[in-house]
Amino acid sequence: MGPYWNILAGLPTTVALSALALAIGAVAGVPLMLARRSSLFLLRAPARAVIDLFRAIPPIVWLFIIFFGLAETGLQLTPFNAAVAGLGVISAAYLAEVYRGGLMAIDKGQWEAGHALGLSQFHTFQYVLAPQAFRVALPSMATFAIALLKDTSLAYSIGVNEVLFRANSEAQIGSGSSLAILAFAGGLYALLSIPTALVARRLDTALRDKVAR
Amino acid sequence: MIPGRPRFGHERSRRAGVGSDSAETSPSARAQPIVRLTDITKQYGGHVVVDAVGLQVDQGNVLAIIGPSGAGKSTLLRCVNLLERPDSGRIEVDDHVVNAGEPTSGRRLAALRRSAGMVFQSFNLFPHLTVLENVSFAQRRVLERSGQEADERSRELLASVGLSDKADAYPQRCSGGQQQRAAIARALALEPAVMLFDEPTSALDPELGLEVLAVMRQLANDGMTMIVVTHEMSFAGSVADEVAVMADGKFIEQGDPKRVFENPSHPRTRQFLRAILER
């Protein structure tokens, strides 16, 4: 069981990498989305550039740029931190668009109802629109979280000691059948992804009708 | 239609402490104007939707605005609480004044809107909140009442619109008529000086519409100042103190409802009323 235990021991790193990148993205995605929606060009243009750029360039290229490229400028991150930073910013870019879509799906009468009650623009967003937009965005967020979980395997390429990295090492040194070892690693990703999708589907059904579309 | 219902209209006493408020000092407070619009113009891309319209509604009066679709009725109403910013003109609601074109802070805008309760054609209740929370929400966030205080007041208001048993339901579990009555309670919760109704029954079948009209009638009887954009002629005829007929962005006729309905002076009014009667 040696190689399999070793791969299993990489699971916390994979989970931590996913969770941290998702958390960064979920939080940073909000101001990024607000800037993207701003009527001020000076906010909107850079937000749009960040969103487009981080989605247009493959994640592995970003990881290389952050880990190898930035090292040249004297900023040498650990592989894990570089992966969190890279996947975190990419997540922010994607989730900003997911949030924006959620917000656009809400009937504009909700803004008007908030304003008519004398709520400020921000309070209307905070208490009326955001809770509903979040419900709309939830399935897309879950889809993204699953994609992100799988993308953390790219961190193997900059030496993060996660599931794929360990599986690949075990396969290379011939500690067992390569097919079995790699299939085991694949199974671990599936084991995390599938329940996430199920939970998201449940939540979506539960929240679906509390939204004005 | 809802027996034993508590009455609205309490707390109509004008907020004390507002120095410039003549209602406290003047014995003729009944005739005090609550809403005054002067020369309101609104255009969209060169198309003039509201064309230099003025109106005044005194305290306790009900103005019904009728007229064909596209006449600018809703746009005009939405100018009263500045959901639409007019291109020119002056808006006075209660003791708030906004001149079009001059920069208006969010705070002044919010203060004016607080004085004008708005009821929308499509209800626009908050679907993620229960009926009770919908009514309590702005009391807590805008009037900064405690949760308990707000909920108590909300239950009174819900009782007054016949919705006590729906307090804990979510809006989508309510009929359209119930939703609209809840929306009226929500708007009343801020103790507005005037209530604005934008075709409140147009999205409802006739029966549910009657529930809502009964509540509005009660509200008018209790002395609420109201501006009602509507196609409900019998409501306008029996409840309104004044009817204004709007066409092509202007008031073409204005006056006592009986006079306007029975003896319209403008040919466009006659044409519009005939179209309604022939339905």
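Residues numbered from 1 in each chain as written. Chains lettered and ligands numbered in written order. Predicted model: local features only at pLDDT ≥ 70, side-chain atom pairs only at ≥ 80, totals over all residues. Heavy atoms only, no water.

A full pass over the atoms with the stated rule returns nine aromatic pairs over all chains. Taking the centre distance of 4.9 Å and the plane angle of 70° together, the rings of Phe67 of chain A and Phe68 of chain A count as edge-to-face. Residue classification places Phe67 of chain A among the buried residues on the basis of a relative accessible area of 13%. The class of Phe68 of chain A is partly exposed, set by a relative accessible area of 44%. Pairing Tyr127 of chain A with Phe137 of chain B gives two aromatic rings, centres 5.9 Å apart and planes at 75°, and the pair type is edge-to-face. Separated into two different chains, Tyr127 of chain A in helix H7 (residues 121–151) and Phe137 of chain B in helix H3 (residues 131–141) make up a pair that spans both. On the basis of relative accessibility, which here comes to 9%, the residue Phe137 of chain B falls in the buried class. An aromatic cluster is defined as three or more aromatic residues linked by ring pairs; in this entry it consists of Phe64, Phe67 and Phe68 of chain A. (Phe/Tyr/Trp six-rings, centres within 6.5 Å; stacked < 30°, edge-to-face > 60°. Buried < 20%, exposed > 50% of the residue type's maximum accessible area, 1.4 Å probe, protein only. Helix = DSSP H or I, 4+ residues; strand = E, 2+ residues; numbered from the N terminus.)

It is worth spelling out the nonpolar core at this point. One broad rule of soluble globular proteins: the nonpolar side chains tend to lie buried together. Residue and element names in this part refer to chain B. If you look at the biggest cluster of nonpolar residues, it comprises 80 residues, and the most contacted ones within it are Val35, Leu55, Ile65, Leu76 and Ile227. In this structure, Ile65 is in contact with Leu55, Lys73, Leu76, Ile227, Val228, Val229, Thr230, Ala244, Met246 and Phe251, ignoring residues within four places of it in sequence. With 45 residues, the next largest nonpolar core counts Phe123, Ala182, Val239 and Val243 among its residues. (Core = buried A, V, L, I, M, F, W, Y, C linked by side-chain atoms within 4.5 Å. Contact = heavy atoms within 4.5 Å.)

Our next topic: the packing of helix H2 (residues 11–37) of chain A against helix H5 (residues 79–104) of chain A. Residues and elements named next belong to chain A. One way to put it is that H2 packs onto H5 with a least axis distance of 5 Å and a crossing angle of 45°. As summarised for this structure, H2 and H5 are arranged oblique, according to the angle between their axes. Between H2 and H5 lies a crossing whose hand is right-handed. (Axes fitted to C-alpha atoms, helices over the stretch in contact; angles between N-to-C directions. Parallel < 35°, antiparallel > 145°, perpendicular 65-115°, else oblique. Left-handed = near helix turned anticlockwise from the far one by under 90°.)

To continue, consider the environment of Pro79 of chain A. Residue and element names in this part refer to chain A. Along the polypeptide, Pro79 turns up in helix H5. Residues Pro79 and Phe67, spaced 12 residues apart in sequence, show a C-alpha to C-alpha distance of 6.7 Å. Excluding anything up to four places from it in sequence, Pro79 contacts Phe67, Ile158, Gly159 and Val160.

Let us now look at the pairing of strand S9 (residues 242–247) of chain B. All names here are of chain B. For S9, the buried fraction is high: five of the six residues fall into the buried class. In this structure, strand S3 (residues 62–66) lies alongside S9, joined through four bridges in parallel fashion. The partner of Ile66 across the bridge, within S9, is Val245. Across five bridges, S9 lies against strand S10 (residues 250–255) in antiparallel orientation. When the bridges of S10 are listed, Ala247 appears paired with Lys250. Linking two consecutive strands that pair antiparallel, namely S9 and S10, is a turn of two residues; a positive phi of about 50° is found at Asp248 within it. (Pairing = 2+ DSSP bridges.)

Glancing now at a nonpolar patch on the surface. All names here are of chain A. A cluster of nonpolar side chains, namely Ile60, Val61, Phe64, Ile65 and Phe68, defines an oily patch on the protein surface of about 380 Å² accessible area. Turning to its location among the elements, Ile60 is positioned in helix H4 (residues 59–72). Overall, the relative accessible area of 30% leaves Ile60 in the partly exposed class. (Patch = residues over 30% accessible without salt bridge, like charges linked within 9 Å, V, L, I, M, F, W, Y side chains within 5 Å. Areas by Shrake-Rupley, 256 points an atom, 1.4 Å probe, with all protein chains shown as cover. Salt bridge = Lys/Arg side-chain N within 4 Å of Asp/Glu carboxyl O.)

Residue and element names in this part refer to chain B. Taken in spatial order, the four strands make up an open sheet running S2-S1-S4-S5, and their pairing is antiparallel. At either margin of the open sheet sits one strand with a lone partner, and together these are strand S2 (47–58) and strand S5 (96–99). The average angle at which neighbouring strand axes cross in this sheet is 10°, direction not considered. Bridging between strand S4 (residues 88–93) and S5 involves four bridges; their strand directions are antiparallel. Counted as the bridge partner of Glu92 is Val97 from S5.

The next thing to look at is the packing of H7 of chain A against helix H9 (residues 178–207) of chain A. Residues and elements named next belong to chain A. The interhelical angle for the contact between H7 and H9, taken along N-to-C directions, is 180°, at an axis separation of 9 Å. Overall, the two elements H7 and H9 adopt an arrangement that is roughly antiparallel. Contact residues: H7 offers Arg135, Leu138, Pro139, Ala142, Ile146, Leu149 and Lys150, while H9 offers Tyr189, Leu192, Ser193, Thr196, Ala197, Ala200, Leu203, Asp204 and Leu207. A class-by-class count of the residues in the contact of H7 with H9 yields 11 nonpolar, two polar and three charged. (Nonpolar A, V, L, I, M, F, W, Y, C, P; charged D, E, K, R; others polar.)

All names here are of chain B. With eight bridges joining them, strand S1 (residues 33–44) and S2 adopt antiparallel strand pairing. The partner of Ile40 across the bridge, within S2, is Val53. Between S1 and the antiparallel strand that follows it, S2, lie two residues; Gly45 among them carries a positive phi value of about 50°.

Our focus in this paragraph is the interface of chain A and chain B. Every contact between the two is made by 20 residues of chain A and, on the other side, 23 residues of chain B. At the surface where chain A touches chain B, the tally comes to one salt bridge. Note that Glu112 of chain A is salt-bridged to Arg78 of chain B, the shortest N-O span being 2.6 Å. Where chain A packs against chain B, one counts six residue pairs in polar contact (both at pLDDT 80 or more). Among the elements that take part in the side of chain A that touches chain B, helix H6 (residues 109–116) of chain A stands out by supplying seven residues, more than any other. (Polar contact = N/O pair within 3.5 Å; in protein donor to acceptor, adjacent residues only side chain to side chain.)

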